Every structure is written in structure tokens, then in C-alpha cells.
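# Chains, contacts and geometry: an overview
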Amino acid sequence: MSGIDGMEEPGGDRRAEKRGAVTLVGAGPGDPELLTLKAVKALQSADIILYDDLVSAGVLDFARQEAKRLLVGKKGYGPQVKQAEINALIVSLALQGKHVVRLKGGDPGIFGRAGEEIEACRAAGIPVRVVPGISAAQGAAASLCVSLTHRDHARRLQFVTGHSREGALPDDLDWGAMADPAASTVIYMARATLPGFRAHALAAGLDPATPAVAVLAATRPDEIRLAATIGTLPEKLADLPADRPVLVLLGHAFGALLEQAEPAADRRLSGTG
Ligand SMILES: C[S@@+](CC[C@H](N)C(=O)[O-])C[C@H]1O[C@@H](n2cnc3c(N)ncnc32)[C@H](O)[C@@H]1O
């Protein structure tokens, strides 16, 4: 298989082999069929793949058999390999002449610390490329069969993190923007801090009846979808399995999902795990 555009194959040009290269690849939200062709191409030309815990096994199956695989993240909020160590590892492997694929869940450029890794490669003079992936927000919206924007309900789309560097709710979120009734807001890493998010957003004027949908393990076989309002979602979310990544979609663009939800106590959407 040919290499990434402009990137030499391992075993090809000797000079390029010595130099090595790094490709940051988006693994998508979970379903391996959501990988791009370019991502598969990169996986098939990798010497070593450094992957995050959110990358599903089915995605790694697309990698060249001989490629080494190294997990560099841990689940949930547990201890992680330090980012500085990952940067150093990427650089040192590439300097050994390897094609390093840094495989990240979703899109590498969305809450994925891609910027720090790109910077480390550039500082070391290593050629670096990015292969985008489908972010969890897009995967979740597709699973829900909703549009993230809507001409009548959402003129603006914002992705925010519920998780600061220290693990708390970030203290610099723009709460006026979070309370905007004409926005769709997707909250990544929201599970632990959603009650705090609700308190701040309601204080900034957000209507507690605003539709809020949690999607756990979007696009995976163990996906769970739960439709509620921002007033009630944090408590309902606390009852759901804690072993899966969670995304919260907030805004009136998701109102139809509340109507579809079964009138059962937990208002899980039909067809969910
Ligand atoms: C470090 S961020 C990485 C985001 C990723 N780069 C992306 O574009 O989706 C990890 C968070 O993304 C969200 N996430 C990733 N995959 C998910 C999935 N399949 N279902 C739900 N949320 C997911 C969760 O909020 C999780 O805590």
C-alpha cells in the first residue's frame, strides 16, 4: 500500500527512513466503519501505533500486522501517561526513523492535545501530518439521527469541555454563551461536572426545560442514549453505567428527542443498550 501523500513508506527511500515521521490520526468515536480511508492508509503504513484508551479494538484491526501497538492512556479519570512523556516518546521513535501513528479517539484536534504533540514534533524537526476523524459529537448526533444545527433552533454550535486540567469544571467557560437559547452545546467529559455546569448555566439564564441528551459510548455496540432536560439530566446520568465515555448534547435542536423518549422513568430512547 502506498504511503500518506508526500510521506515515504517504511522500507522505501533510506533518507526518509532515517528521518521518520509522525501522523496524528483520528480513530472516530468507536464504530470502525467510521474511519476515513486516509486513516486506514496511515494505519497500514505505521511502524508503531501509540493509541488512546478510547480507540476501539476494531479500529486497531486495520493496522499493519507487523506494526507495534502501544496504549498510552488509561480509562476515565484514572492516572494517565503524562503528556510530556507521550510527546517525548513520539519524538524519540520518529528520530529512530519510524513512521509513528498517534491514534486518538474522535478527531485529534478536538480535546485531543494534538497541538502539544504537533509542537513537540516541529520543535524536533520531524515531519508531522494530521488525518482528521469523526468527533464523538458527530457520531452521537448520527446515532440520535439529529442535526447539531437547525435553522429554527440552533444558529450556533459550540463544543466545550466539562473537565479542566485539574479535573474540575473549567472556571473560564462563557456562561452567557452556555445559556444562549439559540445555540447547540456539546459538552465533552461532562459526567462528573454536569451538576456544576447546570448550576452555572441556570444562574446565567438557561431555561431548565432545555432539552439535554446524554450519549454514552456513541456508535459502539454498548451505546446508551438518554433524553431529559438540563434540569433533570445530571441525576439521571448518575444512574447509568460509569464505564463508558459520555457526551451531553444541550439545546432546542434536540427537542424532538424528548418527544420520542419513552414515558418510562429514565426516558431512555428506544433502541438503546
Ligand atoms: C479527551 S476527549 C477526546 C475527544 C475526541 N478527540 C473527539 O473528537 O471525540 C474524551 C471525551 O470525548 C467524549 N467521547 C469520546 N468518544 C465518545 C463516545 N464514543 N461516546 C461518547 N462520548 C465520547 C467523552 O466525553 C470523553 O470523555
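Up top is the structure.
Every value quoted in this text rests on a predicted model; they were computed, and no experiment measured them.

## Focus: the overall build of the protein
Secondary structure summary: the protein contains 10 helices and 10 strands in total. Counting over 273 residues, the protein shows a buried share of 48%. Accessible surface computed for the protein: about 13200 Å², of which carbon and sulfur atoms make up 53%.

## Some thoughts on the sheet that holds strand 2 (residues 48–51)
Remark on secondary structure: sheet strands pair via backbone hydrogen bonds, oriented parallel or antiparallel. Reading across the sheet, the five strands line up as 3-2-4-1-5 and stay open at both edges, with parallel pairing between neighbours. Looking at the sheet topology across the chains shown, the edges are occupied by strand 3 (68–71) and strand 5 (128–131). Strand after strand, the sheet turns through a mean of 20° between neighbouring axes, direction not considered. Across four bridges, strand 1 (residues 21–26) lies against strand 5 in parallel orientation. Bridge pairing in strand 5 links valine 25 to valine 131. Helix 4 (residues 83–95) contacts strand 1, strand 2, strand 3 and strand 4 (99–104) of the sheet and is inclined by roughly 150° relative to strand 4.

## A short note on the nonpolar core
Grouped together as the largest cluster of nonpolar side chains are 26 residues, with contacts concentrated most on Leu194, Phe197, Leu233, Leu237 and Val248. Elements that contribute at least two residues to this core include exactly helix 7 (175–178), helix 8 (194–203), strand 8 (211–216), strand 9 (224–229), helix 9 (233–238) and strand 10 (246–250). Setting aside anything within four residues of it in sequence, one finds leucine 233 in contact with Leu194, Ala212, Val213, Ala214, Leu226, Ala228 and Val248. Ala140, Ala154, Val215 and Ala253 belong to the second largest nonpolar core, which has 19 residues in total.

## Some remarks on the side chain of asparagine 87
Summarising the element assignment, asparagine 87 is placed in helix 4. Ignoring anything within four residues of it in the chain, the contact list for asparagine 87 reads Glu116, Glu117 and Ala120.

## Some details on helix 4
Helix length check: helix 4 (13 residues) gives 18 Å between terminal C-alpha atoms against 18 Å at 1.5 Å per residue, within 8%. Among all positions of helix 4, only Gln83, Ile86, Asn87, Ile90, Val91, Leu93 and Ala94 are buried. Taken down its axis, helix 4 places every buried residue within 165° of arc, on the same side. Every exposed residue of helix 4 that faces more than 90 degrees away from the buried side is listed here: Ala84 and Leu95. The first or second residue beyond helix 4 is glycine 97, which carries a positive phi of 95°.

## Section: the site of the ligand
Lining the immediate environment of the ligand, one finds 18 residues, of which Ile110, Ser135, Met189, Ala218 and Val246 sit closest. Between the ligand and alanine 136, the relevant distance is 2.8 Å, taken from an oxygen atom to a main-chain nitrogen or oxygen of the residue. Note that an oxygen atom of the ligand is positioned 2.7 Å from one of the backbone N or O atoms of methionine 189. When the ligand sits alone it has 570 Å² of accessible area, and the protein chains cover 88% of it. Classifying every residue of the shell around the ligand by side-chain character gives 13 nonpolar, three polar and two charged. When residues of the shell around the ligand are sorted by domain, at least three fall in each of domain 1 (14–131) and domain 2 (136–260).

## Here we look at helix 6 (residues 136–144)
Of all the residues in helix 6, the buried ones are Ala137, Gly139, Ala140, Ala141 and Leu144. Where helix 6 is buried, its residues contact strand 6 (156–161), strand 7 (183–188), strand 8, strand 9, strand 10 and helix 10 (255–260). Phi for cysteine 145, located one or two positions after helix 6, is positive at around 60°.

## A word on the sheet that holds strand 8
Pairing in this open sheet of five strands is mixed, and the strands run 6-7-10-8-9 from one edge to the other. Edge positions in the open sheet fall to strand 6 and strand 9, since each of these has one partner strand only. Here the strands of the sheet are splayed against their neighbours by 15° on average, with no regard to which way each runs. Examined bridge by bridge, strand 7 and strand 10 share four bridges and lie antiparallel to one another. For valine 186, the partnering residue across the bridge sits in strand 10 and is leucine 249. The sheet contacts of helix 6 involve strand 6, strand 7, strand 8, strand 9 and strand 10, and relative to strand 10 the element is tilted by about 70°.

About the cut-offs
Residues numbered from 1 in each chain as written. Predicted model: local features only at pLDDT ≥ 70, side-chain atom pairs only at ≥ 80, totals over all residues. Heavy atoms only, no water. Helix = DSSP H or I, 4+ residues; strand = E, 2+ residues; numbered from the N terminus. Buried < 20%, exposed > 50% of the residue type's maximum accessible area, 1.4 Å probe, protein only. Areas by Shrake-Rupley, 256 points an atom, 1.4 Å probe, with all protein chains shown as cover. Pairing = 2+ DSSP bridges. Axes fitted to C-alpha atoms, helices over the stretch in contact; angles between N-to-C directions. Contact = heavy atoms within 4.5 Å. Core = buried A, V, L, I, M, F, W, Y, C linked by side-chain atoms within 4.5 Å. Expected span 1.5 Å × (residues − 1). Arc of directions from axis to C-beta. Near = heavy atom within 4 Å. Polar contact = N/O pair within 3.5 Å; in protein donor to acceptor, adjacent residues only side chain to side chain. Nonpolar A, V, L, I, M, F, W, Y, C, P; charged D, E, K, R; others polar. Domains from an automatic or database assignment.

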